[in-house]
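Below are the chains, spelled out letter by letter.
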Amino acid sequence: MSSYFTPRTFRFLRALARHNEREWFQAHKADYETHVREPFLRLIGDLQGPIAGISPHYIANPRKMGGSLFRIHRDVRFSNNKAPYKTWSGARCYHERARQVHCPSFYIHIEPGNNFFGGGLWHPETATQRRIRDFIVDNPDAWMRATGNRDFLERFQWRGDSLVRTPQGYPADHPLIEDLKRRDFAVGQSLADATVTGPDLLDTLVEGFRAAAPLVDYLCAALDLEF
């Protein structure tokens with residue numbers, strides 16, 4: 001199987017981090033298209049069948065605009081950092097109802113020295129956090145089957161923020177209190193640069209998404225979404 005990304009992908013992203021300005025990007029836009037955007041869209045297209053096999057309700061959309069690939073442009077409206085471009089590239093395989101409600105997803109992140117993939121729910125609103133916490137309290141055994149098995153624990157690391165104190169309305173001595181403190185319900189697994197540029201990237205992602213699927217399935221159940 002051929003590779004998607006090459007060392008030139010990382011070379012472009014490192015250069016963008018050094019020259020994060022519109023004039024530089026416009027002068028090197030062809031490199032972005034050739035070494036980042038086009039191979040990423042090809043990867044997303046090749047993920048369509050495997051993702052549908054994991055869940056018929058999840059979509060890998062290779063459209064250039066409005067699909068799975070995130071825009072390279074940063075939203076600087078409410079940020080003190082006015083750098084116009086992301087120095088990484090990311091994509092998500094999203095739920096068919098993602099435009100209606102905040103849904104868990106599968107995610108891929110390409111960044112020199114900080115590549116990873118995973119699944120879950122990132123930055124859910126307070127009401128959504130509470131629905132998930134209540135579901136964990138009511139269905140602790142299923143939560144442990146999804147997130148407490150050896151393969152899951154050896155493969156993934158939890159990402160995101162947690163509360164310092166026990167969330168209001170939950171017992172501080174609950175056996176799953178550390179999970180109930182989570183503000184983000186997402187996990188990731190790191191990828192070496194050599195894996196990203198190698199021929200086994202697609203197989204690695206598909207295998208990893210299958211391993212993350214029980215967590216995504218559980219979160220869908222908590223939010224009354226089909227999986």
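Here, the structure is the one placed above.
Residues numbered from 1 in each chain as written. Predicted model: local features only at pLDDT ≥ 70, side-chain atom pairs only at ≥ 80, totals over all residues. Heavy atoms only, no water.

1. Remarks on the overall build of the protein
This is how it is decided: Under the DSSP-based scheme used, a helix requires at least four consecutive residues in state H or I and a strand at least two consecutive residues in state E, with every element numbered from the N terminus. Only C-alpha atoms enter the radius of gyration, while the globule expectation follows 2.2 Å times N to the 0.38, with N the number of residues. A contact between two residues is defined here by any heavy atoms of the two lying within 4.5 Å. Here the Shrake-Rupley method, with its probe set to 1.4 Å, supplies the accessible areas, and only the displayed protein chains count as covering residues. Counted as positive: Lys and Arg. Counted as negative: Asp and Glu, with His and the chain ends omitted from the count. Here the site of a charge means NZ on Lys, CZ on Arg, CG on Asp, or CD on Glu.
Along the protein, the regular secondary structure elements total nine helices and six strands. Against the 2.2 N^0.38 benchmark of 17 Å for 227 residues, the protein shows a C-alpha radius of gyration of 19 Å, consistent with a compact globule. In terms of its C-alpha atoms, the protein occupies a principal-axis envelope of roughly 55 × 40 × 30 Å. Within the protein, contacts between residues separated by at least 24 positions form 67% of all contacts whose residues are at least 6 apart in sequence. Element-wise, carbon and sulfur atoms account for 48% of the exposed surface of the protein, whose accessible area totals about 11,800 Å². Where the 30 positive side-chain charges of the protein centre and where its 27 negative ones centre are 7 Å apart.

2. Some details on the nonpolar core
In plain terms, the rule: The term nonpolar core refers to a set of buried residues drawn from Ala, Val, Leu, Ile, Met, Phe, Trp, Tyr and Cys, joined through side-chain atoms within 4.5 Å. Throughout, exposure labels follow a simple rule: accessible area from a 1.4 Å probe, protein chains only, divided by the maximum for the residue type, with under 20% read as buried, over 50% as exposed, and the rest as partly exposed.
Grouped together as the largest cluster of nonpolar side chains are 61 residues, with contacts concentrated most on Phe-40, Leu-43, Leu-47, Ile-51, Phe-106 and Phe-209. Top contributing element to this core by residue count: helix α9 (residues 201–222), with 14 residues.

3. Some words on the pattern of salt bridges
Heads up, the rule is: For this document, the term salt bridge refers to a Lys or Arg side-chain nitrogen within 4 Å of an Asp or Glu carboxyl oxygen.
Per the stated rule, a full pass over the model turns up seven salt bridges. Where Arg-77 meets Asp-75, a salt bridge forms, and the shortest distance between an N and an O atom there is 2.7 Å. Given the relative accessible area of 61%, Arg-77 is considered exposed. The closest approach of N and O atoms between Asp-151 and Arg-155, which form a salt bridge, is 4.0 Å. With Asp-151 and Arg-155 both in helix α6 (residues 150–155), this residue pair falls four residues apart, about one helical turn. Judged by its relative accessible area of 15%, Arg-155 is buried. Residues participating in the shared-partner salt-bridge network are Asp-151, Arg-155 and Glu-207.

4. A few points about the packing of helix α3 (residues 29–54) against α9
Put simply, the test is: Between the N-to-C directions of two axes lies an angle of 0 to 180 degrees, each axis being a line fitted to C-alpha atoms and, for a helix, fitted only over the stretch in contact. With the far helix as reference, a near helix turned anticlockwise by less than a right angle produces a left-handed crossing, and one turned clockwise produces a right-handed crossing. In this count, Pro and Cys sit with the nonpolar residues alongside Ala, Val, Leu, Ile, Met, Phe, Trp and Tyr, while Asp, Glu, Lys and Arg are called charged and the others, Gly among them, polar.
With their axes 10 Å apart at the nearest point, α3 and α9 run at an angle of 35° to one another. You can see that α3 and α9 cross each other, and the crossing is right-handed. Contact with α3, carried on its side by Leu-43, Asp-46, Leu-47, Pro-50, Ile-51 and Ile-54, involves Leu-201, Leu-202, Leu-205, Val-206, Phe-209, Arg-210 and Ala-213 of α9 and no other residues of that element. Residues belonging to the contact of α3 with α9 are distributed by class as follows: eleven nonpolar, no polar and two charged.

5. Re the layout of surface pockets
For the record, the criterion: A pocket, in this scheme, is an open set of points on a 1 Å grid over the protein atoms alone with protein on both sides within 12 Å along at least 5 of 7 lines, while a cavity is a set where a 1.4 Å probe fits but cannot get out; residues line either one if an atom lies within 4 Å of a point. Grid points are joined across faces, edges and corners, and a volume is the space filled by probe spheres set on the points.
Within this model, the largest pocket holds a volume of roughly 630 Å³. Considering the residues around the largest pocket, the lining is formed by 22 residues, among which Phe-70, Arg-92, Ser-105, Tyr-107 and Trp-122 are closest to the centre. For the lining of the largest pocket, the elements supplying multiple residues, two or more each, are β3 (105–110), β4 (115–121) and β6 (185–191). The element that contributes the greatest number of residues to the lining of the largest pocket is β4, accounting for six residues.

6. Side note on a positive patch on the surface
Using the following cut-off: Each patch groups residues whose relative accessible area exceeds 30% and which form no salt bridge, using 9 Å between like charges and 5 Å between nonpolar side chains of Val, Leu, Ile, Met, Phe, Trp and Tyr.
A cluster of basic residues, Arg-8, Arg-11, Arg-14 and Arg-18, forms a positive patch on the protein surface. Following the sequence through the fold, Arg-14 ends up in helix α1 (residues 7–18). Judged by its relative accessible area of 41%, Arg-14 is partly exposed.

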